[in-house]
Amino acid sequence: MTVSERAHELAMAAAQAAADKKAQDIVIIDVGDQLAITDAFLVASAPNERQVLAIVDAIEERLLELPEKAKPLRREGERGGRWVLLDYVDIVVHVQHTEEREFYALDRLWKDCPQIPFVDRDLADSAAGTASAE
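Quantities reported herein were computed from a predicted structural model and do not represent experimental measurements. (Residues numbered from 1 in each chain as written. Predicted model: local features only at pLDDT ≥ 70, side-chain atom pairs only at ≥ 80, totals over all residues. Heavy atoms only, no water.)

Before we go on, may I ask you to explain the overall build of the chain in this structure?
Along its length, the chain carries 5 helices and 6 strands. From first element to last, N terminus to C terminus, the chain shows the α and β order α-β-β-α-β-β-β-α-α-β-α. Here the C-alpha radius of gyration of the chain, 15 Å, is about what a compact globule of 134 residues would show, namely 14 Å. In terms of its C-alpha atoms, the chain occupies a principal-axis envelope of roughly 45 × 35 × 30 Å. (Helix = DSSP H or I, 4+ residues; strand = E, 2+ residues; numbered from the N terminus. Rg over C-alpha atoms; globule rule 2.2 N^0.38 Å.)

Here is the structure:
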């Protein structure tokens, strides 16, 4: 894996923030070997514009709460709420409306790059609770 420790920290925090707002199909792609401008892409989707914007807000808030705060260098697409891009240099976050996600298929475009595993904390906690109850 080519992602830096900082990029990994940002990606995991952003992914969990997205999951907390019910983002769908959260994927972290290690693009460091292919791109010199960033280490990873985080791609998430939502079924409507309002939820896309809520996910973006949650990600920004979570990354500002980190011990080493992170603010996006660039933010694009907020007005339409169909595809918002947050550029944190170490990672680039793409929050897309489900239709845009299917049409542009970033996952397929970057399929040759390794994915970084992410498990929603709430799903892991419920699975652990189910296992301990047995």
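Even after reading the chapter, I still don't get the nonpolar core, so can you show me in this structure?
One recurring pattern in soluble globular proteins is that nonpolar side chains are buried together. Counting residues in hydrophobic clusters, the biggest one holds 33 residues, and the most contacted among them are Ile26, Ile28, Ile59, Leu63, Tyr88, Ile91 and Val93. Contributions of two or more residues to this core are made by α1 (5-20), β1 (24-30), β2 (40-46), α2 (49-65), β4 (83-87) and β5 (91-97). Setting aside its immediate chain neighbours within four residues, Ile26 contacts Ala15, Ala18, Ala19, Val43, Ala44 and Phe118. (Core = buried A, V, L, I, M, F, W, Y, C linked by side-chain atoms within 4.5 Å. Buried < 20%, exposed > 50% of the residue type's maximum accessible area, 1.4 Å probe, protein only. Contact = heavy atoms within 4.5 Å.)

What is the right way to read the packing of α1 against α2 from this model?
Contact pair α1 / α2: the axes reach a minimum separation of 8 Å and the direction vectors enclose 140°. With respect to their mutual orientation, α1 and α2 come out oblique. You can see that α1 and α2 cross each other, and the crossing is right-handed. Contact residues: α1 offers Leu10, Ala13, Ala14, Gln16, Ala17, Ala18 and Asp20, while α2 offers Ile55, Ala58, Ile59, Arg62 and Leu63. The residue inventory of the contact of α1 with α2, partitioned by class, reads 9 nonpolar, 1 polar and 2 charged. (Axes fitted to C-alpha atoms, helices over the stretch in contact; angles between N-to-C directions. Parallel < 35°, antiparallel > 145°, perpendicular 65-115°, else oblique. Left-handed = near helix turned anticlockwise from the far one by under 90°. Nonpolar A, V, L, I, M, F, W, Y, C, P; charged D, E, K, R; others polar.)

Where do I start with the packing of aromatic side chains in this structure?
Each aromatic ring pair is specified by the distance between its two centres and by the angle formed by the two planes. According to the stated counting rule, one finds 3 aromatic pairs in the structure shown. Relative to Tyr104, the ring of Phe103 has its centre 4.9 Å away and its plane inclined at 85°; by these criteria the two rings are edge-to-face. Since its relative accessible area comes to 43%, Tyr104 is described here as partly exposed. Members of the aromatic cluster, connected to one another through ring pairs, are Trp83, Phe103 and Tyr104. (Phe/Tyr/Trp six-rings, centres within 6.5 Å; stacked < 30°, edge-to-face > 60°.)

Sorry if this is basic, but what is going on with α1 here?
Residue pairs three or four apart in sequence face the same way in an α-helix, which turns once every 3.6 residues. End to end, α1 covers 23 Å across 16 residues, agreeing with the expected 22 Å (1.5 Å per residue, within 8%). Taken together, the buried positions of α1 are occupied by Arg6, Ala7, Leu10, Ala11, Ala13, Ala14, Ala15, Gln16, Ala17, Ala18 and Ala19. (Expected span 1.5 Å × (residues − 1).)

I keep staring at the sheet that holds β5 and nothing clicks. Help me out?
By way of backbone hydrogen bonds, the strands of a sheet pair with one another, either parallel or antiparallel. What the 6 strands build is an open sheet, ordered β3-β4-β5-β2-β1-β6; its pairing is mixed. Each having just a single partner strand, β3 (74-76) and β6 (115-116) make up the two edges of the open sheet. Where β3 and β4 come together, 3 bridges link them in antiparallel fashion. Within β4, the residue paired with Arg75 across the bridge is Leu86. Along the sheet, α1 makes contact with β1, β2, β5 and β6, crossing β1 at roughly 175°. Strands β2, β3, β4 and β5 of the sheet are contacted by α2, whose axis makes an angle of about 160° with β5. (Pairing = 2+ DSSP bridges.)

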